[in-house]
Amino acid sequence: MDRAVTYSVVPRKNPRDPEGEVKYYAQAQARGVMSIRMMAERIQKSCTVTRADIMAVLVALSEVVTEGLQNGEIVRLGDLGSFQIGLSGTGAVTKDEYSASQIEKVRINFRPGADLIAAISGLSYQRVAAKSGEEEDTVDTAGSGEDETGVQGN
C-alpha cells in the first residue's frame, strides 16, 4: 500500500484581507473512506477475534465515547489521543452576568496521542489534481481548520 499523502494545490485568500493577493497552498486529498466494517476486517486479519466481535466492540466504543463527551468527560483512547468538548461564544463584562445563552458553538476537540503523532512523522507527499468541485482556480476564503462534523484538531 502506498503511504504517500496525496494533495492538490489550491488558491486561497486571507479571510482577514479579502482584497489581498491570492496565495497557493497544499490541500490534503483523501483517497477514500475507511468504514467501521473495513476497520473490523483489517483488525480481524491481525488477531484471533472475529469480525462480528470486533464490530460489536467498535460500535460500543462509539457509544461510550459519545456518552463520555455528553457527560463532559475527557475521553482518552490511550496513545491514540483524546476527545474533549470545546465551547465558544460571546463574553460578559462580569462573571455573574454570564449565562449559558452566550454559548454559541459547541465542538469536539481532538488531541492526537503519541501513536498518531508518530504515524504522521516522516510522511511522503504526492501531488494530485484537485477533486471535482475543488477546482484549482476556485479561491477558498474560509480555511476554518474544521471538517463538516465540527471536529477540529489541536
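Below is a summary of the structure that appears in this document.

Definitions and cut-offs
Residues numbered from 1 in each chain as written. Predicted model: local features only at pLDDT ≥ 70, side-chain atom pairs only at ≥ 80, totals over all residues. Heavy atoms only, no water. Helix = DSSP H or I, 4+ residues; strand = E, 2+ residues; numbered from the N terminus. Buried < 20%, exposed > 50% of the residue type's maximum accessible area, 1.4 Å probe, protein only. Contact = heavy atoms within 4.5 Å. Areas by Shrake-Rupley, 256 points an atom, 1.4 Å probe, with all protein chains shown as cover. Pairing = 2+ DSSP bridges. Axes fitted to C-alpha atoms, helices over the stretch in contact; angles between N-to-C directions.

1. Remarks on the overall build of the protein
- Across its full length, the protein carries three helices and seven strands.
- Element order for the protein, N to C, with α for helix and β for strand: β-β-α-α-β-β-β-α-β-β.
- A buried classification covers 18% of the 154 residues belonging to the protein.
- A sequence separation of at least 24 residues applies to 46% of the contacts in the protein between residues at least 6 apart.
- For the protein, the computed accessible surface area is about 11600 Å², with 53% contributed by carbon and sulfur atoms.

2. A short note on the environment of R3
- The topology assignment puts R3 in the segment before β1 (5-12).
- By relative accessible area, R3 is classed as exposed at 67%.
- For R3, the contacting residues outside a window of four places in its chain are L123 and S124.

3. Things to note about the environment of P112
- Position of P112 relative to the elements: it lies in strand β5 (residues 103-112).
- The exposure class of P112 is partly exposed, given its relative accessible area of 31%.
- The sequence separation of P112 and L77 amounts to 35 residues, and the corresponding C-alpha distance is 9.5 Å.

4. Some points on the pairing of strand β4 (residues 81-89)
- Inspection of the sheet shows strand β3 (residues 75-76) paired to β4 by two bridges, in the antiparallel sense. Bridge pairing in β4 links V75 to F83.
- Linkage of β3 to β4, two consecutive antiparallel strands, is achieved through a turn of four residues, within which G78 is found at a positive phi near 55 degrees.
- Direction of pairing for β4 relative to β5: antiparallel, over a ladder of nine bridges.

5. A few points about the sheet that holds strand β6 (residues 125-127)
- Sheet architecture is open: three strands sit in the order β2-β1-β6, paired in mixed fashion. Of all the strands in the sheet, just β2 (23-28) and β6 have a single pairing partner and so form its edges. Going across the sheet, the axis of each strand differs from the next one's by a mean of 45 degrees, ignoring polarity.
- Sheet analysis places β1 next to β6, joined by three bridges and oriented parallel. Across the sheet, residue T6 finds its bridge partner in β6, namely Q126.

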